[in-house]
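Overview (structure and organization)
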Number of protein chains: 2
Amino acid sequence: MSLKERKVAEKKEEIIRMAIHVLSEKGYHGTTMEEIATNLLMTKGTVYYYFKDKQELLYHSQIMLLNRSLQQIQEVKQQQIPVEEKLKKSIIAHIEYLLEERSGFELMLKPEQIFSSEQLAVIFKLRDTYGEFFDQMITEGIEENVFHAADVKVVRNIILGAMNWVTQWYKEDGQKSRKELAEDIAVYLQRILIKQEENKWK
Amino acid sequence: MSLKERKVAEKKEEIIRMAIHVLSEKGYHGTTMEEIATNLLMTKGTVYYYFKDKQELLYHSQIMLLNRSLQQIQEVKQQQIPVEEKLKKSIIAHIEYLLEERSGFELMLKPEQIFSSEQLAVIFKLRDTYGEFFDQMITEGIEENVFHAADVKVVRNIILGAMNWVTQWYKEDGQKSRKELAEDIAVYLQRILIKQEENKWK
DNA sequence: TAGAAAATTAACTTGACAGTAAAAATAGGA
DNA sequence: TCCTATTTTTACTGTCAAGTTAATTTTCTA
């Protein structure tokens, strides 16, 4: 029983991964169920055996991506390091993950066009939880007087925007590795918040 | 003759504007020519009379948006003000325009999925020109020693990303007006580059 | 190893939408 | 007012992809 269930789950995951892959290249409407299936050497019917319809498949793709992101940031959060370090690590982790999946994320842009309101509720909840992690870090930094006071929500979204935009312009051409890029961006974004060294001399 | 031509041009523009509007809500594949037409109280056939096909219509939508952006930033560029002010004004203008059209821009995200390579070349050229304005300001600021040295390309894209992301999260609910929001974001983004006041006291 | 349950396929239906073409309406000048 | 250009509509075709269904194959178990 559990074995069989695991097999089904595995298959589902396989399909979801491919869906993420294809969807990211062609967008929701540009992707056909047939194409997803063919890429996995199966037929459309099989995909429909595991997923009710295209929407549901895409929905699960989003959930998987979001959950993995959440897991990552949760790990960072638990570490016993200064808050500015946490923020930096979170930014780096986010960008690296984004570039790895360079993709699925891109269809997160207009979910209202696609999902049912129940599905949207779940997606937005997860997104929000993710965003709140950043809020917490920012607030913490402000309270500890490491960061400038700021409109937390605005700053959070500046950071998210700058990070998520990376897929739009970064080319994997060797100029800068993903890691280097992520670190650079983290440093620049930190500047928005961190109080300068100079203050310590006053 | 010229009068007739102007009439045609006006009609085309009317269609383009509606196309931008509908496309922005539903995305490229989610938008039908019929819908664009119906919204303008005309029939699909009329739209095809003015535009060869859907792709061409969308293409012209993009060009219009980009050209208007360019015009705006060019105006800012010509002003005789300090470079950090120029940057700030450019950011504010960009965000305000973005929120006004809250829309058409969103389909700029994956143009490769839609346009022919000739069309793409034009679009990318315009985009690039736009980006270069920011590069110039950043470089200028660094040379004048007003800004920190930085990887210009990375910083430019952080700024663009943070700005363009606004459509994803800003709600027109009165908490903050567009103008206030734009100004706040400009201030935060400036911090990435501007050398702090404190330096003057060293 | 028989036979049921699960998984897969092939062939089909359906609907939607891009694009077309010819007819109809509207204008504007002679 | 008639005639020609332009503009608009109507009704159509063709295609493509989502989703279905029944038949077939595979897998598992008693």
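Residues numbered from 1 in each chain as written. Chains lettered and ligands numbered in written order. Predicted model: local features only at pLDDT ≥ 70, side-chain atom pairs only at ≥ 80, totals over all residues. Heavy atoms only, no water.

1. Comments concerning the protein's contact with DNA strand C
Residues in close proximity to DNA strand C total 16 residues, the closest being T46, Y49 and Y50 of chain A together with K44 and Y48 of chain B. Considering the 4 Å shell around the protein, atoms of DNA strand C inside it are sugar or phosphate in 69% of instances. Y48 of chain B places a side-chain nitrogen or oxygen 3.1 Å from a phosphate oxygen of DNA strand C. Between DNA strand C and K54 of chain B, the relevant distance is 3.1 Å, taken from a phosphate oxygen to a side-chain nitrogen or oxygen of the residue. Of all the secondary-structure elements, those providing two or more residues to the surface near DNA strand C are α1 (2–30) and α3 (44–50) of chain A together with α3 (44–50) of chain B. With four residues, the top contributor of residues to the surface near DNA strand C is α3 of chain A. The residue makeup of the surface near DNA strand C, split by class, is six nonpolar, five polar and five charged. (Near = heavy atom within 4 Å. Polar contact = N/O pair within 3.5 Å; in protein donor to acceptor, adjacent residues only side chain to side chain. Helix = DSSP H or I, 4+ residues; strand = E, 2+ residues; numbered from the N terminus. Nonpolar A, V, L, I, M, F, W, Y, C, P; charged D, E, K, R; others polar.)

2. Details of the pattern of salt bridges
For the structure shown, the criterion picks out 14 salt bridges over all chains. A salt bridge links E13 of chain A to R17 of chain A, with the shortest nitrogen-to-oxygen separation between them at 2.8 Å. On the criterion of helical spacing, the pair formed by E13 of chain A and R17 of chain A is a turn pair, its members being four residues apart in helix α1. Residue E13 of chain A is classed as partly exposed on the basis of its relative accessible area, which comes to 34%. By relative accessible area, which is 41% here, R17 of chain A ends up partly exposed. Here the salt bridges do not stand alone but share partners, grouping D151 of chain A together with K176 and D184 of chain B into one network. (Salt bridge = Lys/Arg side-chain N within 4 Å of Asp/Glu carboxyl O. Buried < 20%, exposed > 50% of the residue type's maximum accessible area, 1.4 Å probe, protein only.)

3. Examining the interface of chain B and chain A
With 37 residues of chain B at the interface, the matching set in chain A holds 37 residues. Regarding the contact of chain B and chain A, the summed buried area is about 3,400 Å², with carbon and sulfur atoms giving 61% of it. Summed over the shared surface of chain B and chain A, the number is two salt bridges. When the shortest N-O distance is used, the salt bridge between D151 of chain A and K176 of chain B registers 2.4 Å. Linking chain B with chain A are eight residue pairs in polar contact (both at pLDDT 80 or more), by the criterion used here. At the level of secondary structure, the elements contributing two or more residues to the side of chain B that touches chain A comprise α1 (2–30), α7 (152–164), α8 (166–169) and α9 (178–193) of chain B. No other element matches α7 of chain B, which puts nine residues into the side of chain B that touches chain A. For the side of chain B that touches chain A, the per-class residue count stands at 15 nonpolar, 12 polar and 10 charged. (Contact = heavy atoms within 4.5 Å. Buried area = accessible area lost by both parts, 1.4 Å probe.)

4. Focus on the protein's contact with DNA strand D
Of all residues adjacent to DNA strand D, which total 17 residues, the nearest are K44 and Y48 of chain A together with T46, Y49 and Y50 of chain B. In the interface set of DNA strand D, defined as its atoms within 4 Å of the protein, sugar plus phosphate atoms amount to 67%. One of the side-chain nitrogen or oxygen atoms of K7 of chain A is found 3.4 Å away from a phosphate oxygen of DNA strand D. In the environment of DNA strand D, a phosphate oxygen lies 3.1 Å from a nitrogen or oxygen atom belonging to the backbone of K54 of chain A. Residue assignment for the surface near DNA strand D shows that the elements contributing at least two residues are α3 of chain A together with α1 and α3 of chain B. Counting residues per element, the surface near DNA strand D draws most heavily on α3 of chain B, at four residues. Class assignment of the residues belonging to the surface near DNA strand D gives a composition of six nonpolar, five polar and six charged.

5. Some words on α7 of chain B
All names here are of chain B. Relative to the 18 Å expected for 13 residues at 1.5 Å per residue, α7 spans 18 Å between its end C-alpha atoms, a close match to the ideal helical length. A large share of α7 lies buried, amounting to 12 of its 13 residues. Listed as buried for α7 are V152, V154, V155, R156, N157, I158, I159, L160, G161, A162, M163 and N164. One side-chain oxygen of the residue at the start of α7 lies 3.1 Å from the amide nitrogen of K153, identifying that residue as D151. (Expected span 1.5 Å × (residues − 1).)

6. As for the environment of S61 of chain A
Residue and element names in this part refer to chain A. Among the structural elements, S61 can be located in helix α4 (residues 54–78). Judged by its relative accessible area of 1%, S61 is buried. Separated by 41 residues in the primary sequence, S61 and I20 place their C-alpha atoms 6.0 Å from one another. In contact with S61, not counting residues within four places along its chain, are I16, A19, I20 and L23.

7. Some points on the packing of helix α5 (residues 83–101) of chain A against helix α7 (residues 152–164) of chain A
All names here are of chain A. Look at α5 against α7: their axes get within 10 Å of each other, and the N-to-C directions meet at 35°. Crossing of α5 against α7: the hand is right-handed. When α5 is examined against α7, the residues L87, I91, H94, I95 and L98 are found in contact with a partner set consisting of I159, L160, M163 and N164. Residues of the contact of α5 with α7, tallied by class, amount to seven nonpolar, two polar and no charged. (Axes fitted to C-alpha atoms, helices over the stretch in contact; angles between N-to-C directions. Left-handed = near helix turned anticlockwise from the far one by under 90°.)

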